Amino acid sequence: MTSLDAADLPAPATIEEFRERLAAISEGLPRRLRQCADHIAANIDRIAVSTVAELAAGADVPPSALMRFCQILGYSGFSEMQKLFRDAYSPGFPDYSTRLQNLKQGGAGTPSALLGEFIEAGRLSLEALAKSADEAALAQAVALLSAADTVHVIGLRRAFPVAAYLAYVFDKMAVPAMLHEGTGKLDHRHALRPGDAVLAITFAPYSEETIALAQDARARGLPVVALTDRVTSPLARTGDAILTVPEVDFGAFRSLSATLALAIALAVAVGSARG
């Protein structure tokens, strides 16, 4: 299939159709559009959470080339293509009322049954972390944070309990730290100083505020430690040390068992390194 043929076809309506269309047209594309195809194929999970500028930069092409690529696939532009991925992604984590209703319909809503299911999800998450933990990345994260004058910790929404816990443990171990909690939409980026470091925590669907603070710190030349769910997370692109942690969900509710285990290990290691 040529790119001209593809542009005359209806836009892919499912992720599977998208993959098939992408594979069908890639070979005959000009260089810049082929760069778009290659980058998109390697980073499909980023489409829902990235901007045109971010994807274009990743493909090393101008945004106009990425827009043209979207049109070749059959979409009117990037927004229409991104909507496919956002719509496909969102059902995996429905709103809380829907999650509760699904649990009741499945007969798993009794307290003892829920406890058993979440214990099992936590166990599987911890086992996965034990197998996948990157010791080199953890050592690098400890080195960066232990050398910082102040550790700026940010994690919002589901990541907030982790960020708050880290700030608490740092305080108890006399590690200078500041929690950026976003209360009142206040932006405390002015508190970043030379010699500081940022510990940013976010999981899909990713927090724009967390990513923005990490990007600002990176632009100022400050080290950034990223604690996230996958190496393709948008936060990972700004991290000097990237810590990924798997969490098994039950009924679309995701525990923090493995994340908190990694967080306490990181905090204690930093406190120990500072002496």
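Up top is the structure.
Described in the following lines is the structure provided in the data block. Per chain, residue numbering runs from 1 following the sequence as it is written. The predicted nature of this model means local features are confined to residues of pLDDT at least 70 and side-chain atom pairs, given and counted, to a pLDDT of 80 or more, with totals for whole chains, interfaces and linings taken over all residues. Excluding hydrogens and water, the side-chain values take into account all heavy atoms of the structure.

What about the overall build of the protein chain?
Only DSSP runs of H or I with at least four residues qualify as helices, and only runs of E with at least two residues qualify as strands; both kinds are numbered from the N terminus onward. A tally of regular secondary structure across the protein chain gives 12 helices and seven strands. Classification of the 275 residues of the protein chain by burial places 42% in the buried group. Contact between two residues is taken to exist if any of their heavy atoms lie within 4.5 Å; hydrogens are not considered. In the protein chain, 69% of the contacts between residues at least 6 apart in sequence involve partners at least 24 apart. Remark: exposure states derive from per-residue accessible area (1.4 Å probe, protein chains only) relative to the maximum for the residue type, with buried under 20%, exposed over 50%, and partly exposed in between.

Quick notes on helix α11 (residues 208-219)
Under the convention used throughout, the expected extent of a helix is 1.5 Å for every residue step, that is, one less than its residue count. Here α11 contains 12 residues, and its C-alpha end-to-end distance of 16 Å stays within 8% of the 16 Å for a straight helix at 1.5 Å per residue. When α11 is considered as a whole, its buried residues turn out to be Thr210, Ile211, Leu213, Ala214, Asp216 and Ala217. Buried residues in α11 make contact with β1 (151-155), β2 (177-180), β3 (197-201) and β4 (224-228). Downstream of α11 by a residue or two, glycine 221 has a phi angle that is positive, lying close to 85 degrees.

Regarding the side chain of serine 125
With respect to the helices and strands, the residue serine 125 is situated in helix α8 (residues 111-132). For serine 125, a relative accessible area of 0% gives the class buried.

Overview of the packing of aromatic side chains
Ring geometry is summarised as follows: Phe, Tyr and Trp rings, the Trp one being its six-membered ring, pair when their centres sit within 6.5 Å, and such pairs are stacked at plane angles under 30 degrees, edge-to-face over 60 and tilted between the two. Applying the stated criterion to the full structure yields two aromatic pairs. Ring geometry for phenylalanine 18 versus tyrosine 75: centroids 6.5 Å apart, planes at 35 degrees, classification tilted. With a gap of 57 residues between them, phenylalanine 18 in helix α2 (residues 15-25) and tyrosine 75 in the loop between α5 (63-72) and α6 (78-89) connect regions that are remote in the sequence. Tyrosine 75 carries the same exposure label as phenylalanine 18, and that label is buried. Taking 4.9 Å as the distance between ring centres and 90 degrees as the angle between the ring planes, the aromatic pair formed by phenylalanine 18 and phenylalanine 85 counts as edge-to-face. One end of the pair, phenylalanine 18, is in helix α2; the other, phenylalanine 85, is in helix α6, with 67 residues separating them in the sequence. There is no split in this pair, since phenylalanine 18 and phenylalanine 85 are both buried. In textbook terms, an aromatic cluster arises when at least three aromatic residues are bridged by ring pairs, as seen for Phe18, Tyr75 and Phe85.

Structural notes on the state of the cysteines
One covalent bond between the sulfur atoms of two cysteine residues makes up a disulfide. Cysteine sulfurs are considered disulfide-paired once they come within 2.5 Å of each other. What the rule picks out here adds up to zero disulfides. With no disulfide of its own, cysteine 70 has cysteine 36 as its nearest cysteine by sulfur position, at a separation of 8.0 Å.

Comments concerning the packing of helix α10 (residues 160-172) against helix α12 (residues 257-274)
Here α10 crosses α12 at 25 degrees, and the two axes come no closer than 10 Å. By the angle between their directions, the pair α10 and α12 is classed as roughly parallel. Seen from above, α10 lies across α12 with right-handed handedness. Only Thr259, Leu260, Ala263, Ile264, Ala267 and Val270 of α12 make contact with α10, whose side of the interface consists of Val162, Tyr165, Leu166, Val169 and Phe170. Amino acids outside the nonpolar list (Ala, Val, Leu, Ile, Met, Phe, Trp, Tyr, Cys, Pro) and the charged list (Asp, Glu, Lys, Arg) are all regarded as polar, and Gly is one of them. In the contact of α10 with α12, the residues fall into 10 nonpolar, one polar and no charged. Note on geometry: axes are lines fitted to C-alpha atoms, helical ones only across the stretch in contact, with angles between N-to-C directions running from 0 to 180 degrees. An angle below 35 degrees is read as roughly parallel, one above 145 as roughly antiparallel, one from 65 to 115 as roughly perpendicular, and any other as oblique. Handedness of a crossing follows from how the near helix is turned relative to the far one, being left-handed for an anticlockwise turn of less than a right angle and right-handed for a clockwise one.

Describing unusual backbone geometry
In terms of backbone geometry, most residues other than glycine have negative phi values and most peptide bonds are trans. With a phi angle near 55 degrees, arginine 157 is a residue other than glycine that sits in the positive phi range. Its place among the elements puts arginine 157 in the loop between β1 and α10. Phi is positive for alanine 174, which is not a glycine, with a value near 60 degrees. With respect to the helices and strands, alanine 174 occurs in the loop between α10 and β2.

Any link to function would need more than the numbers given here.
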